[in-house]
Amino acid sequence: MRAMQVTGPRRLEMVEAPRPSPAPGQVLIRLEALSVCGTDMTAYRHPQPEEAYPLAPGTPCHECAGTIVESRAPEWPEGQRVIHLPALSLDGGSEYVLGGSSSLVALPRDGDLDEWLMCQPWGTVLFSLERIGPVVGNRVVVLGQGCIGLLFTMTLRRMGAGQIITVDRIGHRLEASRRRGADLAVNSLEEDPVEAVNEATGGQGADLVVEASGDPAALVQGIQMARMYGTVMLFGIPEEKTVPFDYFSAITKQITFVGTVSATCEAPARPIRLAVDLKQQGTPDLSWLVTHRLPFAEAPRGYEMYAARSDQVLKVVLQM
């Protein structure tokens, strides 16, 4: 079977790998749509120890959907379309993958599979906001307006946030955030985002700051933007293992930190199922997220496009 494999920093090749066989309780899925995520950059763009290369075939990819072609799990019949969740292994970048009940989310027979796959990132956002609770009337800052940041902006607006301020360095992302509901979109290359938030909130600061960029410097900025007794949500995963931390400001403001990686919760598939259920009810439209579609054979091009943030990319979907 075909699989992607990282052979060095920002070097991805297409290779042949053995097709797996399901054990009792497992299913074999032929993937049809795979999307590139910022988390993948920790394996693709960020240098690993020299002895780690090449990485395992299928790495890096964890947003993938397809059809069960062989089942040894009675509750998952052949022909069922599914989203597959490889958890933290990021090894879903192959033509065929194995899955089990805890890693599968059933999809309807109808509809664009690329768009159904967007329920995976949206589900992680829904999980994070469950942990935060009601945001009606709150002042919120979302740091980063890539796919995840935009989904936060969209969902926070739907949840009734009083004021949404978004921060990014890329113009087309900020334009997209305005369309998704941002009241103020700040380009951090053109103005100081901390000062901009302070001015926009009348010096009060934000009730909630969502760190969705993965930029280590954003954590320091987020603490500075939060009000006294405010909350900082940690979502973005930095490529670096060590990040700066403004400890004094955090304890002085008595900030509450909430870490929200849904892949490590007790039931990772649950929030993705919620996203699928909501989409089945007809809202919201997620098609705007998919800006680029490429054949699976062009995975190296798709990953480099995402890493370089070129061609106004939000989501690249690789199609089998």
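Overview of the structure.

Calculation notes
Residues numbered from 1 in each chain as written. Predicted model: local features only at pLDDT ≥ 70, side-chain atom pairs only at ≥ 80, totals over all residues. Heavy atoms only, no water. Axes fitted to C-alpha atoms, helices over the stretch in contact; angles between N-to-C directions. Helix = DSSP H or I, 4+ residues; strand = E, 2+ residues; numbered from the N terminus. Parallel < 35°, antiparallel > 145°, perpendicular 65-115°, else oblique. Left-handed = near helix turned anticlockwise from the far one by under 90°. Contact = heavy atoms within 4.5 Å. Nonpolar A, V, L, I, M, F, W, Y, C, P; charged D, E, K, R; others polar. Core = buried A, V, L, I, M, F, W, Y, C linked by side-chain atoms within 4.5 Å. Buried < 20%, exposed > 50% of the residue type's maximum accessible area, 1.4 Å probe, protein only. Phe/Tyr/Trp six-rings, centres within 6.5 Å; stacked < 30°, edge-to-face > 60°.

Looking now at the packing of helix H4 (residues 147-158) against helix H5 (residues 171-180). Close contact between H4 and H5 brings their axes to 9 Å; oriented N to C, the two are set at 20°. One way to sum up the angle between H4 and H5 is to call them roughly parallel. Every pair of crossing elements has a handedness; the one defined by H4 and H5 is right-handed. On the side of H4, the interface is formed by Leu150, Thr153, Met154 and Arg157, while H5 contributes Arg173, Ala176, Ser177 and Arg180. Tallied by class, the residues present in the contact of H4 with H5 amount to three nonpolar, two polar and three charged.

Ile83, Trp122, Leu151, Phe152, Leu156 and Val210 are the most contacted members of the largest nonpolar core, which totals 43 residues. Listing elements by their share of this core, those giving two or more residues are helix H2 (113-117), helix H3 (119-132), strand S8 (139-143), H4, strand S11 (206-211) and helix H9 (269-280). When residues of this core are assigned to their parent elements, the largest contribution, seven residues, is made by H4. Core analysis: the second largest hydrophobic core is formed by 31 residues, Leu12, Met41, Cys64 and Val316 among them.

Here we come to the packing of aromatic side chains. Overall, the coordinates contain four aromatic pairs when judged by the stated rule. On the numbers, 5.6 Å between centres and 55° between planes, the contact of Tyr44 with Tyr303 is tilted. Residue Tyr44 is found in helix H1 (residues 41-44), and its partner Tyr303 is found in helix H10 (residues 299-308); the two are separated by 259 residues along the sequence. Comparing Tyr44 with Tyr303, the two get one shared label, buried. With centroids separated by 5.6 Å and ring planes inclined at 50°, the aromatic side chains of Phe245 and Phe257 adopt a geometry described as tilted.

Cis rather than trans, the peptide bond between Tyr53 and Pro54 has omega equal to -5°. Of the consecutive residues Thr59 and Pro60, the connecting peptide bond is found in the cis state with omega at 5°. Topologically, Pro60 is positioned in the loop between H1 and strand S4 (63-71). A positive phi angle, near 65°, is found at Tyr229, a position not held by glycine. Among the structural elements, Tyr229 can be located in strand S12 (residues 226-234).

Let us look at the packing of H3 against H4. For the pair H3 and H4, the least separation of the axes is 9 Å and the interaxial angle reads 55°. As summarised for this structure, H3 and H4 are arranged oblique, according to the angle between their axes. Where H3 crosses over H4, the handedness of that crossing is right-handed. Each of Pro121, Trp122, Thr124, Val125, Leu126, Ser128 and Leu129 in H3 lies in contact with H4, whose residues at this interface are Cys147, Ile148, Leu151, Phe152, Met154, Thr155 and Leu156. Of the residues belonging to the contact of H3 with H4, the class tally is eleven nonpolar, three polar and no charged.

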